[in-house]
Amino acid sequence: MIGVIVLLTLFTLPAFPSGFKWCAATSAHQIEGNNNASDWWLWELFPDHIRNGDFSGMAADHWNRLEEDTALLKSLNVTDYRLGIEWAKIEPKKGHWDFSALAHYLEELLLLRAHNIRPIITLNHFTIPQWFLDQGGWASPQAPELFERYTRVIYETFGDLATDWITLNEPLGYLAGGYLLGITPPGLKDIYKAIPPFVGMIRAHAAAYHAIHRLSERYGWKARVGVAHHFKVYEAYNSINPTDRIGAILIDDLANVSFPRALWEGRLRLLLPGLLNIDIAVPEAAKTQDFLGVNYYERKLVKFNSESPIFYDLVTREGAPVSDLGWEIYPEGLGKIALWLSSAYPGLPIFVTENGLDDASDSKRVKFIRDHLSVIKAAIDQGIHIEGYCHWSLMDNFEWVEGFTPRFGLFEVDYNTFERRPRPSAQVFAEIAGTNGAGL
Ligand code: BGC
């Protein structure tokens, strides 16, 4: 009888492996406020840059609400919290270190540790100091050395307080927005101009990776370093149309594969027939990921369009369930990405560093969370090493070009009073996290 009960329990409770990391994620610029030495601060002042003319301003005023926001995390039962440290606040002028900003982050990290929440630190989440952009940003030959110097300051100061470090958030998303589509700083629309910052980001990541490991050995601290990559599932709009199929393969290679492959092989390889044929050795970047950060949101279908500058449109499947921004909700895609990563980069654990949706009415979030976690659980059961899940986002925040309209938070933020209110999905996520997935 007892055996039957145990068996039944095993089959009905989809508990995750012990030690699975339950996490919520944010970034500095999107919630802290007053990021006035960053490139986005200036960018947002232009009337046509941000939806409704929104301006990050005080964002969600997280800077002044550390205790309150740590309590939100605690109420979610998370084991980990992915947060950003803002380079523009730490080094607002080249070589000038702001000690009050360092002290502020120290307070935040100590608060998290005191509540038994492990910080996962992102060193760069899109925003850069304006002075760094003025001297060429990631395209500048000095970029790797300047990013390494900032990383060393941060790691020397906080290295004993965090084990997991993310150097760059979505470098390919950054390059696409800033150098191809021209919708984010520095606002360029030239694929050839994207190559120097592409190489610069690879080198900067490698420099930071090695610096953290050198220092962690010196001080006897444990450190793991990775990148939070942005992965979408790209599939042919018409699966029997060879042009759509080839487009999906090329776009997948450029938008998903090229960055992690470069960090695996130590060379940047890009091929877009008739447009790009790049092969640049970056040997110091080879094998510089201790885990693969996966930010996953949606699937896009690739449809040939001779009028489009890249000959293709990226469209959402008709009739698909979507978020408020119209992004397809496609949980199976996360399984496809995990399967690909586990075979392309054997031995590297996968960490879902972002997954979520904008859903102001909170009518889809619970199912979204459950379905994506079920896919993760199934992948783990197949032997794929997925070590944690960060929900994006802890609270509503400044959603870049979309301003304050999209609502990604487990907690709703009232931007007049900065009051935080839990959405019903926050309670569900807390139950799941608090039972290691048994409440799924
Ligand atoms: C970014 C976040 C952003 C989220 C939702 C991710 O690509 O890392 O900064 O808020 O997507 O758009």
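Just above sits the structure.
Overview of the structure. (Residues numbered from 1 in each chain as written. Predicted model: local features only at pLDDT ≥ 70, side-chain atom pairs only at ≥ 80, totals over all residues. Heavy atoms only, no water.)

## Looking at a nonpolar patch on the surface
A surface patch of nonpolar side chains, about 300 Å² in accessible area, is lined by L42, L45 and F46. On the secondary structure map, L45 appears in the loop between α3 (39–43) and α4 (66–75). Residue class for L45 comes out exposed when judged on its relative accessible area of 53%. (Patch = residues over 30% accessible without salt bridge, like charges linked within 9 Å, V, L, I, M, F, W, Y side chains within 5 Å. Areas by Shrake-Rupley, 256 points an atom, 1.4 Å probe, with all protein chains shown as cover. Salt bridge = Lys/Arg side-chain N within 4 Å of Asp/Glu carboxyl O. Helix = DSSP H or I, 4+ residues; strand = E, 2+ residues; numbered from the N terminus. Buried < 20%, exposed > 50% of the residue type's maximum accessible area, 1.4 Å probe, protein only.)

## Structural notes on the site of the ligand
Close contacts around the ligand come from 13 residues, with Q30, H125, E170, E354 and E399 the closest. In this structure, N169 approaches the ligand through a side-chain N or O atom, which is 2.9 Å from an oxygen atom. Contacts to the ligand include W400, whose side-chain N or O atom sits 2.9 Å from an oxygen atom. Burial of the ligand by the protein amounts to 94% of the accessible area it has alone, namely 310 Å². Partitioning the shell around the ligand into residue classes produces 6 nonpolar, 4 polar and 3 charged. (Near = heavy atom within 4 Å. Polar contact = N/O pair within 3.5 Å; in protein donor to acceptor, adjacent residues only side chain to side chain. Nonpolar A, V, L, I, M, F, W, Y, C, P; charged D, E, K, R; others polar.)

## A few points about helix α14 (residues 424–434)
Note: α-helices contain 3.6 residues per turn, so residues at a spacing of three or four share the same orientation. Within α14, the full set of buried residues consists of S425, A426, V428, F429, A430, I432 and A433. Next to the buried residues of α14 lie β1 (21–25), α4, α13 (365–381), β11 (386–392), β12 (411–413) and β13 (420–422). Backbone geometry just downstream of α14 places N436 in the positive-phi region, at approximately 50 degrees. (Contact = heavy atoms within 4.5 Å.)

## Remarks on the layout of surface pockets
The calculated volume of the second largest pocket comes to roughly 190 Å³. Taken together, K232, V233, Y234, E235, A248, I249, D252, N256, K336, I337 and W340 form the lining of the second largest pocket. Those elements giving two or more residues to the lining of the second largest pocket turn out to be β5 (224–236), α11 (242–265) and α12 (332–344). Taken together, the residues of the lining of the second largest pocket break down into 6 nonpolar, 1 polar and 4 charged. (1 Å grid on protein atoms, 1.4 Å probe; cavity = no way out; pocket = protein on both sides within 12 Å on 5 of 7 lines; lining within 4 Å. Points joined across faces, edges and corners; volume = space filled by probe spheres on them.)

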